[in-house]
Each structure stands twice: as C-alpha cells, then as structure tokens.
Amino acid sequence: MSELHKVYIETYGCQMNLADTEVILGVLWNKGYQVTKNQNEADIILLNTCSIRDNAEQRIYGRLGNLKKQKNKKPELVVGILGCMAERLRKNLIGSKGVVDLVVGPDEYRRITELIDEVYNGGKGIGVKLSRTETYDDIIPFREDGISAWLSVMRGCDKFCTFCVVPFTRGRERSRSLDSIVNEIKLLSQRGFREVTLLGQNVNSYLDNGRDFADLLAAAAVVDKLIRIRFTTSHPQDLSDKLLYTIAEHPNICNYIHLPVQSGSNRILELMNRTYTVEHYLELIEKSRKIIPGVSFSTDIIAGFPSETYEDHLMTIDVMNKVRYDGAYMFKYSPREGTKAHKMENDVTEEMKSKRLTEIIDLQQKISFEINQSTIGKEEIVLVEGYSKKSDAFMSGRTDTNKVLIFPAIDGILPGDYVKTVINSATSATLFGKYVETVNPVKDKIQLTA
Ligand code: SAH
Ligand code: SF4
Ligand code: F3S
C-alpha cells in the first residue's frame with residue numbers, strides 16, 4: 001500500500017542534512033512513496049533535525065507543538081524525527097509532545113521504510129545505530145533539476161572538538177569511494193547541473209584507497225569543466241599544500257575556502273581541542289593567498305567558550321582583523337550534553353556572550369562591507385542561479401568567491417549561464433552589477449591566468 005503514502009520533509013541544520021534529505025527521499029521513492037511539498041496532503045511528515053546548539057533543538061520542539069495540532073485533526077498522520085537530534089535523543093523522543101512515532105538516525109536511512117511499516121503495524125519505529133561503513137554510495141539521491149547540487153563525500157567526524165556534538169550524532173569518519181562520487185558528478189553533468197559542492201565535516205581528511213581530498217577534487221574538476229566545484233568544510237589541521245595547488249591549478253575549482261577558526265586565543269583553541277595555534281592558522285591563510293591569488297575565506301567563530309576572558313575575545317577580534325574574512329558564521333557557545341566542554345564550567349554569562357557576539361558580528365559586517373566596496377568598478381564572472389528573490393526584473397548569480405551578485409535581467413540569459421558583469425554598488429552581503437557579456441568560463445579563465 002506504500003504507493004499511496006505521501007511524504008513531506010523539512011530540513012534543518014547544515015548542508016549535510018540537505019544532502020541526506022535527498023538520500024532519504026531517494027530511498028523512499030525507490031520503495032514507491034510519493035513526495036509532496038504540501039504538508040496538508042502528507043501522510044508522513046519528517047523533520048530532518050540538527051543538534052548543534054540548543055536553539056536548533058528548541059526550534060524542533062516548537063515545530064512539534066504545531067504538528068500536534070495537525071495530528072489531533074488527522075490521527076493517522078505519522079511524524080518522524082530524523083538526523084542528529086534523532087541520534088542524540090533516541091527513544092526519549094518517542095511520544096515527545098505526544099506526537100513523534102518514528103526516530104531515525106543518520107546511518108539508518110536505508111531502513112526507513114521498514115521503520116515506517118513498524119509504525120503502521122502499531123509499533124514504534126526506532127533506528128539509531130551508527131555505522132562505521134555506511135556512505136549511501138549506491139543510493140541515487142532524489143534531486144530536482146537545478147543548477148547546484150550537494151554531494152556528501154564523507155560522513156561522521158573523528159576530530160572531537162570539545163564543544164561539538166557531531167562526532168556523537170554522526171559517528172566515525174568514513175569516506176565514500178572516489179569512483180562513485182565521480183560517477184554521480186557525471187550524472188549531474190548530463191542533467192545540466194553547473195555547480196557541485198562536495199560535503200563533509202572535515203573534507204580534508206577524505207581518503208579512499210590512498211587517494212586524498214586533493215585527488216578527489218582534481219578528479220571531480222575534470223568531469224565537466226563547465227561545472228564549478230566547491231567544498232566544505234576544511235579543518236585547518238589538514239589543509240595540505242597539495243590541496244592548495246590543486247585548487248590553483250583547476251579553473252573550475254572555486255577560489256573560496258571555508259576555514260573555521262573558532263577562536264583567536266591559543267589557550268581557548270587548546271581547550272577546544274582544535275589542534276592548531278593561531279600562528280599556524282595565519283600562516284595557512286598567508287600561504288593559501290600566495291598559492292591561490294584572489295582566494296576568499298569564510299570562517300566560524302564561537303563567542304563565550306568556557307573560561308573565555310575579555311582578552312581571549314580581543315584575540316578573536318585581532319584574528320578577524322588580520323585575516324579579513326569575506327564572511328563568517330558566528331555563534332554563542334551552547335553547552336552540549338556528552339561533550340567534554342559540557343563538563344567545563346559555562347562561566348561566561350549570557351549577557352557577556354551576547355555582547356562579545358555583537359562585537360564580532362559588527363566587525364565582520366564592517367569588513368565584509370569594505371571588501372565588497374573595493375570590488376566596485378571591477379568585472380566579475382558569475383554563474384547565474386535564477387531570478388532575484390525580490391523581483392523578476394533582476395537575476396542573481398554567484399561569483400567564484402561565493403558572493404551573491406544581482407544584475408538587471410537580460411533577455412535570453414538563463415540560469416546556468418556564465419556571465420561577465422561589472423560591479424556598480426555593494427552592501428556587506430550583496431554585490432550589484434550590470435551584464436557585460438556571456439562568457440565561456442573555461443576559455444575566460446585561461447585568459448585570466450595567462
Ligand atoms: N565540521 C565543521 C563545523 C560543523 S558545525 C568544522 O569543524 O568547522 C558548524 C559550526 O558550529 C562550528 O564550526 C562551530 O563554530 C559551531 N558550533 C559547533 N558546536 C557548537 C556549540 N556547542 N556552541 C556554539 N557553536 C557551535
Ligand atoms: Fe565538530 Fe570539530 Fe568535527 Fe567540526 S571538526 S564537526 S567542529 S568535532
Ligand atoms: Fe546540525 Fe548535525 Fe549538521 S548537528 S550542523 S545537522 S551534522
């Protein structure tokens with residue numbers, strides 16, 4: 001009877017969850033389930049959840065409150081929690097808010113239909129075992145046609161940063177085979193995709209039969225030179241010279257590195273178990289800028305880790321001023337049960353965390369604004385992604401360095417085209433430009449680097 005079941009899914013958290021949602025839908029689709037974007041017609045509502053900070057989980061509890069009302073009206077509705085929160089809270093989630101029937105962790109998605117059947121048979125569907133080997137290699141993700149695709153190249157994390165719940169929710173690090181990744185990119189190329197982002201919690205430790213992440217990037221880049229290759233996240237510990245040279249060598253590997261620093265204080269970095277010093281980090285940035293001219297950086301920063309003093313905080317400000325990131329994701333420290341830092345005293349008050357975070361955000365906005373202003377008058381090639389959110393009179397694209405650029409729509413220009421633009425204004429978040437000409441990025445890049 002499963003043909004009749006309609007599934008609606010919502011995704012929270014990081015890009016790995018977005019990619020997992022496509023794997024989950026792939027599994028369900030293969031078993032005859034239908035996918036719907038209208039939750040009112042769904043028989044099964046799934047939330048693919050995140051546990052990274054307490055507020056991520058609170059959001060899900062809020063959502064479960066709404067779903068309870070829906071379920072009161074339609075008692076046969078099945079509600080499932082998937083992803084990191086499922087793994088962290090396991091059976092404690094069942095019956096949560098009187099609504100959860102199904103709990104499936106990140107390594108059990110192959111079994112999801114079996115678990116749904118258990119619910120239909122009157123039981124509770126719980127699958128939360130972690131695996132050392134599961135990579136969903138052979139599962140074709142359910143993707144709509146488009147320009148950009150996410151592609152997980154590895155799962156799990158072995159770094160055990162002391163603040164982080166991911167090693168517990170996603171299990172041990174494992175890499176997907178290089179050949180299966182390249183094959184998937186070939187399929188994406190045939191379907192007209194123009195951008196692939198290779199995903200992992202720490203892609204730099206990718207390893208498949210002696211082939212490392214640089215080898216994977218190089219193999220991905222040559223599949224279709226019209227496809228831009230992006231990747232995230234790089235841990236500063238394993239960013240190798242070979243990787244930097246590989247990025248420099250291939251015009252279609254984007255000159256953009258997300259390199260989370262977390263803190264500018266060596267004492268805090270050690271307490272975080274980040275395994276690098278600020279000095280090492282800054283050297284990496286400098287080296288990357290030499291090897292890849294024009295490379296842009298973004299980062300993650302945590303404000304108010306246990307024992308962080310105002311001086312430690314100023315060191316973070318100092319690193320931001322030295323690196324001048326193009327962008328940053330900035331967070332207040334949130335204690336997570338089961339992590340090492342959870343045992344440390346959460347002694348920075350909420351008020352201090354907010355104050356430091358505000359200072360960090362304000363500084364980053366100022367830096368992003370200055371960097372973006374300095375691009376005015378320059379030419380940039382963008383991959384056109386679609387129409388601007390605000391109006392169909394404008395199109396939106398992204399530069400190689402991952403900046404959003406808006407330009408007046410031109411007849412005949414379509415999503416997936418590469419166009420040269422000239423920038424005429426900028427905010428801290430967006431560049432605004434004018435269409436110059438449509439380009440062939442392969443040839444153009446050769447000219448630029450010649
Ligand atoms: N694997 C990536 C990051 C994954 S989580 C990496 O190592 O960089 C994304 C970001 O969330 C982290 O970089 C960190 O800045 C933030 N984060 C993780 N745990 C957190 C916590 N307990 N409190 C606040 N921020 C946290
Ligand atoms: Fe978490 Fe650290 Fe692993 Fe990133 S590298 S996922 S921050 S433990
Ligand atoms: Fe959240 Fe899990 Fe990603 S905790 S950030 S969804 S790996």
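Residues numbered from 1 in each chain as written. Chains lettered and ligands numbered in written order. Predicted model: local features only at pLDDT ≥ 70, side-chain atom pairs only at ≥ 80, totals over all residues. Heavy atoms only, no water.

Quick word on the side chain of R143
Point 1. In this fold, R143 is placed in the loop between β6 (125-127) and β7 (148-152).
Point 2. Under the relative-accessibility criterion, R143 is labelled buried at 11%.
Point 3. Polar contacts involving the side chain of R143 include one to the side chain of E22, which spans 3.3 Å.
Point 4. Those residues in contact with R143 that lie beyond four places of it in its chain are E22, A149, W150, L151, E184, L188, R191 and F193. (Helix = DSSP H or I, 4+ residues; strand = E, 2+ residues; numbered from the N terminus. Buried < 20%, exposed > 50% of the residue type's maximum accessible area, 1.4 Å probe, protein only. Polar contact = N/O pair within 3.5 Å; in protein donor to acceptor, adjacent residues only side chain to side chain. Contact = heavy atoms within 4.5 Å.)

Details of the site of ligand 1
Point 1. By nearness alone, 15 residues border ligand 1, and Q201, P260, Q262, D300 and S334 come closest of all.
Point 2. One of the backbone N or O atoms of Q201 is found 2.7 Å from a nitrogen atom in ligand 1.
Point 3. For ligand 1, whose free accessible area comes to 540 Å², the fraction covered by protein is 90%.
Point 4. Of all the secondary-structure elements, those providing two or more residues to the shell around ligand 1 are β15 (296-303) and β16 (327-332).
Point 5. Split by residue class, the shell around ligand 1 holds six nonpolar, four polar and five charged.
Point 6. Two domains each provide a minimum of three residues to the shell around ligand 1, namely domain 2 (143-254) and domain 3 (261-373). (Near = heavy atom within 4 Å. Areas by Shrake-Rupley, 256 points an atom, 1.4 Å probe, with all protein chains shown as cover. Nonpolar A, V, L, I, M, F, W, Y, C, P; charged D, E, K, R; others polar. Domains from an automatic or database assignment.)

Here's the deal with the sheet that holds strand β20 (residues 418-426)
Point 1. Pairing is mixed around the closed barrel formed by five strands, whose spatial order is β17-β18-β19-β21-β20. Sheet twist, expressed as the average angle between the axes of neighbouring strands with direction ignored, equals 50°.
Point 2. When β20 meets strand β21 (residues 430-438), the two strands line up antiparallel, connected through seven bridges. Bridged to K420 within β21 is E437. (Pairing = 2+ DSSP bridges. Axes fitted to C-alpha atoms, helices over the stretch in contact; angles between N-to-C directions.)

Here's the deal with the packing of helix α10 (residues 278-291) against helix α11 (residues 310-323)
Point 1. Here α10 crosses α11 at 10°, and the two axes come no closer than 11 Å. One finds that α10 runs roughly parallel with respect to α11. By crossing handedness, the relation of α10 to α11 is classed as right-handed. Contacts between α10 and α11 involve V278, Y281, L282, I285 and R289 from the first element and V319, K322 and V323 from the second.
Point 2. Partitioning the contact of α10 with α11 into residue classes produces six nonpolar, no polar and two charged. (Parallel < 35°, antiparallel > 145°, perpendicular 65-115°, else oblique. Left-handed = near helix turned anticlockwise from the far one by under 90°.)

Let's talk about the pattern of salt bridges
Point 1. This structure, assessed with the given rule, holds 41 salt bridges.
Point 2. Note that K242 is salt-bridged to D215, the shortest N-O span being 3.0 Å. Taken together, the positions of K242 in helix α8 (residues 241-249) and D215 in helix α7 (residues 213-221) put the pair 27 residues apart, joining distant regions of the chain.
Point 3. Note on D215: relative accessible area 26%, which makes it partly exposed.
Point 4. Two residues, K355 and E359, come together in a salt bridge whose shortest N-O distance is 3.3 Å. Of this pair, K355 and E359 both sit in helix α12 (residues 350-373), separated by four residues, roughly a single helical turn. (Salt bridge = Lys/Arg side-chain N within 4 Å of Asp/Glu carboxyl O.)

Thoughts on empty space enclosed by the protein
Point 1. Under the criterion given, the structure shown has one cavity of 30 Å³ or more.
Point 2. For the largest cavity, the calculated volume is near 100 Å³.
Point 3. Looking at the largest cavity, it is lined by 14 residues, and the ones nearest its centre are A19, V23, P141, S152 and R176.
Point 4. Put simply, the parts of the chain that give the lining of the largest cavity at least two residues each are α1 (15-30) and β7.
Point 5. In terms of residue class, the lining of the largest cavity is built from seven nonpolar, two polar and five charged.
Point 6. A domain split of the lining of the largest cavity shows at least three residues from each of domain 1 (2-127) and domain 2 (143-254). (1 Å grid on protein atoms, 1.4 Å probe; cavity = no way out; pocket = protein on both sides within 12 Å on 5 of 7 lines; lining within 4 Å. Points joined across faces, edges and corners; volume = space filled by probe spheres on them.)

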